[in-house]
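# Commentary on secondary and tertiary structure
The lines below spell out each chain.
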Amino acid sequence: MRYAEGPTAEATVHVSAPPEVLWALVSDIHLVASLSREVQEVAWLDGVREPVVGAAFRGRSRHPQVGEWTTTSRVVACDPPRVFAWAVENPDDPAALWRFELTPSGGGTQLRQWARMGPGFSLLYRAITTMPDKEERIVAGRLREWQAGIEANLAALKELAEVRARA
């Protein structure tokens, strides 16, 4: 898989809680960031306090092979309690696109998290340009990391939502 092809990672889990309970969790950028092994902190920009399309937030991340970096993301979809998505860096040419989808199902919710690399500039793209012969290996390794992160996110969100739904 090549970066320019927009490789994706995704997973879905059934949660025994209504979409409204999950919405409060997935649209909370601070909570979602706290579930990540890479994201160290996030903050809304320009006085924003809640997600709306066009709102921006800054994130600081760390990876053992790359070090620390910051990005600015912009909310590109916010349809409570169904869809929350953000583009990393330029929304028209994002470094990555991240998305949560919530679908009522069987007295609960199907929660899907999806992420696409590129096509815009990112640290991953920079690594690929310095080692083009290793592109497929670099992309595959990053996809494995994203997949593991998404699966861990969904497990944590499921547990949190089900506890809240029982309360």
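Residues numbered from 1 in each chain as written. Predicted model: local features only at pLDDT ≥ 70, side-chain atom pairs only at ≥ 80, totals over all residues. Heavy atoms only, no water.

### Topic: the overall build of the chain
For the chain, the count of helices and strands is four helices and seven strands. Mapped in sequence order, the helices and strands of the chain form the string β-α-α-β-β-β-β-β-β-α-α. The C-alpha radius of gyration computed for the chain amounts to 16 Å, which stays within 12% of the reference 15 Å derived for 167 residues, consistent with globular compactness. If you line up the chain on its principal axes, its C-alpha atoms span 50 × 35 × 25 Å. Counting over 167 residues, the chain shows a buried share of 44%. Within the chain, contacts between residues separated by at least 24 positions form 53% of all contacts whose residues are at least 6 apart in sequence. (Helix = DSSP H or I, 4+ residues; strand = E, 2+ residues; numbered from the N terminus. Rg over C-alpha atoms; globule rule 2.2 N^0.38 Å. Buried < 20%, exposed > 50% of the residue type's maximum accessible area, 1.4 Å probe, protein only. Contact = heavy atoms within 4.5 Å.)

### A closer look at the nonpolar core
Residues Trp86, Trp98, Phe100 and Leu111 are the most contacted members of the largest nonpolar core, which totals 41 residues. Looking at this core, the element that brings in the most residues is helix 4 (residues 135–166), giving eight residues. Once residues lying within four places of it in the same chain are set aside, the contact partners of Leu111 are Ala11, Thr12, Val13, Val15, Leu22, Val26, Phe100, Glu101, Leu102, Leu154 and Leu157. (Core = buried A, V, L, I, M, F, W, Y, C linked by side-chain atoms within 4.5 Å.)

### Some words on unusual backbone geometry
In this structure, the amide linkage connecting Pro80 to the following residue, Pro81, adopts the cis form with an omega of -10 degrees. If you trace the backbone, Pro81 turns up in the loop between strand 4 (67–79) and strand 5 (83–88). The linkage connecting Gly118 with the following residue, Pro119, adopts the cis geometry, with an omega of 10 degrees. With respect to the element layout, Pro119 can be found in the loop between strand 7 (108–117) and helix 3 (123–130). In this model, Asp46 sits at a positive phi of 60 degrees, which is unusual for a non-glycine residue.

### Side note on the side chain of Thr72
In this fold, Thr72 is placed in strand 4. Polar side-chain contacts of Thr72 include one of 3.4 Å to the side chain of Arg58. (Polar contact = N/O pair within 3.5 Å; in protein donor to acceptor, adjacent residues only side chain to side chain.)

### A few points about the pattern of salt bridges
Scanning the model with the defined rule gives eleven salt bridges in all. Residue Glu101 pairs with Arg112 through a salt bridge whose shortest N-O separation is 2.9 Å. Here Arg112 lies in strand 7 and Glu101 lies in strand 6 (residues 96–105), a separation of eleven residues in the sequence. A salt bridge links Arg142 to Glu145, with the nearest nitrogen and oxygen atoms 2.7 Å apart. Linking Arg142 with Glu145, this pair stays in helix 4, spanning three residues, or about one helical turn. Here the salt bridges do not stand alone but share partners, grouping Glu10, Arg99, Glu101 and Arg112 into one network. (Salt bridge = Lys/Arg side-chain N within 4 Å of Asp/Glu carboxyl O.)

### Considering the sheet that holds strand 4
Strand pairing in a sheet is mediated by backbone hydrogen bonds. Such pairs are either parallel or antiparallel. Overall, antiparallel pairing links the seven strands, which are arranged 1-7-6-5-4-3-2 in an open sheet. Because the sheet does not close on itself, it has two edges, and the strands there are strand 1 (8–15) and strand 2 (39–44). On average, adjacent strands in this sheet sit at an angle of 20 degrees to one another, irrespective of strand direction. By the bridge criterion, five bridges tie strand 2 to strand 3 (residues 56–63) in an arrangement that is antiparallel. (Pairing = 2+ DSSP bridges. Axes fitted to C-alpha atoms, helices over the stretch in contact; angles between N-to-C directions.)

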